[in-house]
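Results of the structural survey
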Amino acid sequence: MKTKSIFIAMMLVVFTFLVGCNSDNQASDGSEKLTVYTTIFPLEDFTKKIGGEHVDVKSVFPAGADAHTFEPSTKTMSEMASADAFIYTGVGVEGFADKAKGVLENEDVTIVAAGEGIELRGEEESHDEEAHEEEHDHEHDEEAHEEEHDHEHDEEAHEEEHNHEHEEEAHEEEHDHEHEEGAHEEEHDHEHDEEAHEEEHDHEHEEEAHEEEHDHEHEEEAHEEEHNHENEEEHGDEHGEDGHEGHDHSNGDPHVWLDPTLSITLAENVKNALVELKPEAKEDFEANFETLKADLEKLDTEFKDTVDSAKTNKILVSHAAYGYWENRYGLEQISVNGLSPTQEPSQKQLTEIINTAKENEIQYVIFDQNISGKIAEVVQDEIKAEALVLHNLEAATEKDVENEEDYFSLMRQNLETLKKALN
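Below is a short write-up of the structure. (Residues numbered from 1 in each chain as written. Predicted model: local features only at pLDDT ≥ 70, side-chain atom pairs only at ≥ 80, totals over all residues. Heavy atoms only, no water.)

Here we look at the overall build of the protein chain
For the protein chain, the count of helices and strands is 13 helices and eight strands. Every one of the 423 residues in the protein chain was classed for burial, and the buried ones make up 39%. Across the protein chain, every contact between residues at least 6 apart in sequence was considered, and the portion connecting residues at least 24 apart equals 71%. When the accessible surface of the protein chain is summed, it comes to about 24200 Å², and 46% of that surface belongs to carbon and sulfur atoms. (Helix = DSSP H or I, 4+ residues; strand = E, 2+ residues; numbered from the N terminus. Buried < 20%, exposed > 50% of the residue type's maximum accessible area, 1.4 Å probe, protein only. Contact = heavy atoms within 4.5 Å. Areas by Shrake-Rupley, 256 points an atom, 1.4 Å probe, with all protein chains shown as cover.)

This is the structure we're talking about:
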């Protein structure tokens with residue numbers, strides 16, 4: 001009897017566990033939840049907000065990851081292969097994405113590029129690159145000028161030689177004329193011969209000058225092609241030093257999610273993908289998206305008001321992740337590193353950054369929450385500035401997870417940082 005009671009109790013526990021597990025994978029209407037893997041934190045948060053009870057959202061990134069350098073493990077890739085969808089930005093920030101797409105497409109996982117339709121902000125050229133290009137262009141102009149000068153000198157020398165030949169011919173003509181005054185017909189024929197000879201000689205001279213001019217143009221074209229090729233190689237080398245396979249910012253700034261207005265496009269692309277995957281829940285997805293859109297529009301207004309009312313519009317940051325705030329709100333970021341944190345400044349650039357910070361009396365250096373900025377620390381020490389933190393939202397930190405932070409709470413923390421840095 002006692003054994004029977006124990007068995008029944010154990011069965012009830014197992015049944016309860018199974019029902020609980022099943023309910024975790026089901027919406028309230030009894031339909032199965034969609035399993036969705038995402039990359040950056042805003043996509044994870046937006047998918048949860050739009051999908052609601054219809055989705056089970058998991059981030060590929062562990063807490064505190066750097067989106068620029070992260071590579072998923074084989075185990076994570078295997079788990080992603082069993083998902084319904086993989087949502088990533090599609091704007092170049094996730095270095096592993098291209099490789100992952102090939103694997104996941106073979107497993108019938110829906111691939112969603114949430115950044116589709118967003119026009120990226122052009123990548124800023126560094127001051128050092130511009131200075132180097134100007135110096136190179138100046139050298140090219142000088143070389144071209146010297147070539148033109150040499151060419152003109154050659155033409156002058158050729159004309160002098162030609163004039164000398166004409167003088168000799170004229171002298172011979174005069175000499176012949178003195179000896180042949182009695183032979184008028186011969187003199188007349190001789191003059192005609194000389195005129196024909198001069199015309200032929202002038203024609204040859206014109207052809208030679210034309211050929212020289214043509215050759216000179218070809219030399220200039222070849223030199224320009226060589227100059228352009230050198231510029232392309234220099235630009236490619238500098239931006240290729242990141243060393244991240246498949247990671248490329250050549251098309252522009254990927255940090256679109258930091259702009260609340262552009263984030264509406266991200267959210268809408270997520271919503272459209274969820275509707276395709278689960279059309280029966282379209283009404284819920286649409287309603288949740290409209291709520292999210294209204295919240296993003298409100299946040300956009302808060303950013304505008306913060307920058308408009310500030311004493312300055314300049315911030316000194318360790319990582320050039322905030323360019324869309326420049327476009328949207330008129331902010332100016334002075335960045336130590338490039339679009340990728342591994343794009344470190346040259347010594348010349350570093351000196352310019354320090355001088356600019358001093359000239360503008362900047363009192364704060366702003367670091368990212370997930371990236372150590374050793375060079376930025378050098379700048380901070382040099383200008384005697386205080387350190388602040390902006391959250392780039394690439395990935396939530398462990399503390400963010402514990403505090404149940406979302407996109408809006410983290411962005412409003414950024415607003416408080418901006419208020420301090422700009423005033």
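Here we look at the packing of helix 2 (residues 41-51) against helix 13 (residues 407-422)
Helix-helix packing is characterised by the crossing angle of the two axes and by the distance between the axes. Running from N to C, helix 2 and helix 13 cross one another at 135°; their axes reach a closest spacing of 10 Å. Classed by the angle they form, the pair helix 2 and helix 13 counts as oblique. For the pair helix 2 and helix 13, the contacting residues are Phe41, Pro42, Asp45, Phe46 and Lys49 in the first and Tyr407, Phe408 and Leu410 in the second. Of the residues assigned to the contact of helix 2 with helix 13, the class counts are six nonpolar, no polar and two charged. (Axes fitted to C-alpha atoms, helices over the stretch in contact; angles between N-to-C directions. Parallel < 35°, antiparallel > 145°, perpendicular 65-115°, else oblique. Nonpolar A, V, L, I, M, F, W, Y, C, P; charged D, E, K, R; others polar.)

Considerations on the sheet that holds strand 4 (residues 110-113)
Taken in spatial order, the four strands of this open sheet run 2-1-3-4, and their pairing is parallel. The sheet is open, and its two borders are formed by strand 2 (55-59) and strand 4, each paired with just one other strand. Along the sheet, successive strands turn relative to each other by an average axial angle of 25°, direction set aside. Across four bridges, the pairing between strand 3 (residues 85-88) and strand 4 is parallel. For Ala85, the partnering residue across the bridge sits in strand 4 and is Thr110. Taken strand by strand, helix 7 (residues 260-277) contacts strand 1 (34-38), strand 2, strand 3 and strand 4, and its axis lies near 160° from that of strand 4. (Pairing = 2+ DSSP bridges.)

Quick notes on the pattern of salt bridges
Pairing between side chains of opposite charge can happen when the charged atoms of each approach one another. Within the structure shown, the criterion is met by 14 salt bridges. Lys49 is the partner of Asp45 in a salt bridge, and the nearest nitrogen-oxygen pair spans 2.8 Å. One end of the pair is Asp45 and the other is Lys49, both in helix 2 and four residues apart, which spans about a single turn. We classify Asp45 as buried; its relative accessible area is 7%. (Salt bridge = Lys/Arg side-chain N within 4 Å of Asp/Glu carboxyl O.)

Some remarks on the packing of helix 2 against helix 7
Interhelical geometry of helix 2 versus helix 7 gives an angle of 50° and a closest axis separation of 10 Å. By the angle class used here, helix 2 and helix 7 are oblique. For the crossing formed where helix 2 meets helix 7, the hand is right-handed. Contacts between helix 2 and helix 7 involve Leu43, Phe46, Thr47, Ile50 and Gly51 on the former and, on the latter, Ser263, Leu266, Ala267, Val270, Lys271 and Leu274. When its residues are assigned to classes, the contact of helix 2 with helix 7 shows seven nonpolar, three polar and one charged. (Left-handed = near helix turned anticlockwise from the far one by under 90°.)

Observations regarding helix 8 (residues 282-308)
Look at helix 8: 39 Å from first C-alpha to last across 27 residues, which is about the 39 Å you get at 1.5 Å a residue. Elements that come into contact with the buried residues of helix 8 comprise helix 2, helix 7, helix 9 (323-329) and helix 13. (Expected span 1.5 Å × (residues − 1).)

Notes on the packing of aromatic side chains
How two aromatic rings sit relative to each other is given by the distance of their centres and the angle of their planes. Summed over all chains, the structure comprises 10 aromatic pairs. Judged by centre distance (6.3 Å) and plane angle (45°), the rings of Phe86 and Phe96 are tilted. In this pair, Phe86 sits in strand 3 while Phe96 sits in the loop between strand 3 and helix 4 (97-106), placing the two residues 10 residues apart along the sequence. Here Phe86 and Phe96 have matching classes, each one buried. Consider the rings of Phe303 and Tyr329, whose centres lie 5.5 Å apart with planes at 20°: the pair is stacked. Of this pair, Phe303 sits in helix 8 while Tyr329 is found in helix 9, placing the two residues 26 residues apart along the sequence. (Phe/Tyr/Trp six-rings, centres within 6.5 Å; stacked < 30°, edge-to-face > 60°.)

A short note on the pairing of strand 8 (residues 386-390)
Here strand 7 (residues 364-368) pairs with strand 8 via five bridges, running parallel. Residue pairing for strand 8: Val365 is matched across the bridge by Ala387. On the question of chirality, the crossover connecting strand 7 to the parallel strand 8 by way of helix 11 (residues 374-383) is right-handed. (Right-handed = clockwise from strand over helix to strand, strands pointing away.)

Side note on unusual backbone geometry
The backbone of Glu361 shows a phi angle near 50°, a positive value even though the residue is not glycine. Here Glu361 lies in the loop between helix 10 (347-359) and strand 7. We classify Glu361 as exposed; its relative accessible area is 65%. For Leu393, which is not glycine, the phi dihedral falls at a positive 65°. One can find Leu393 in the loop between strand 8 and helix 12 (398-402). Of the residues examined, Leu393 reaches a relative accessible area of 0% and is grouped as buried.

Side note on the sheet that holds strand 8
On the basis of which strands lie adjacent, the open sheet formed by four strands has the order 6-5-7-8 and parallel pairing. The outermost strands of the open sheet, each flanked by one partner alone, are strand 6 (332-337) and strand 8. Sheet twist, expressed as the average angle between the axes of neighbouring strands with direction ignored, equals 35°. Here strand 5 (residues 314-319) runs beside strand 6; their pairing, made up of five bridges, is parallel. The partner of Val317 across the bridge, within strand 6, is Ser335. Helix-sheet contacts for helix 13 involve strand 5, strand 7 and strand 8, and the interaxial angle to strand 8 is about 150°.

These figures capture arrangement, not role.
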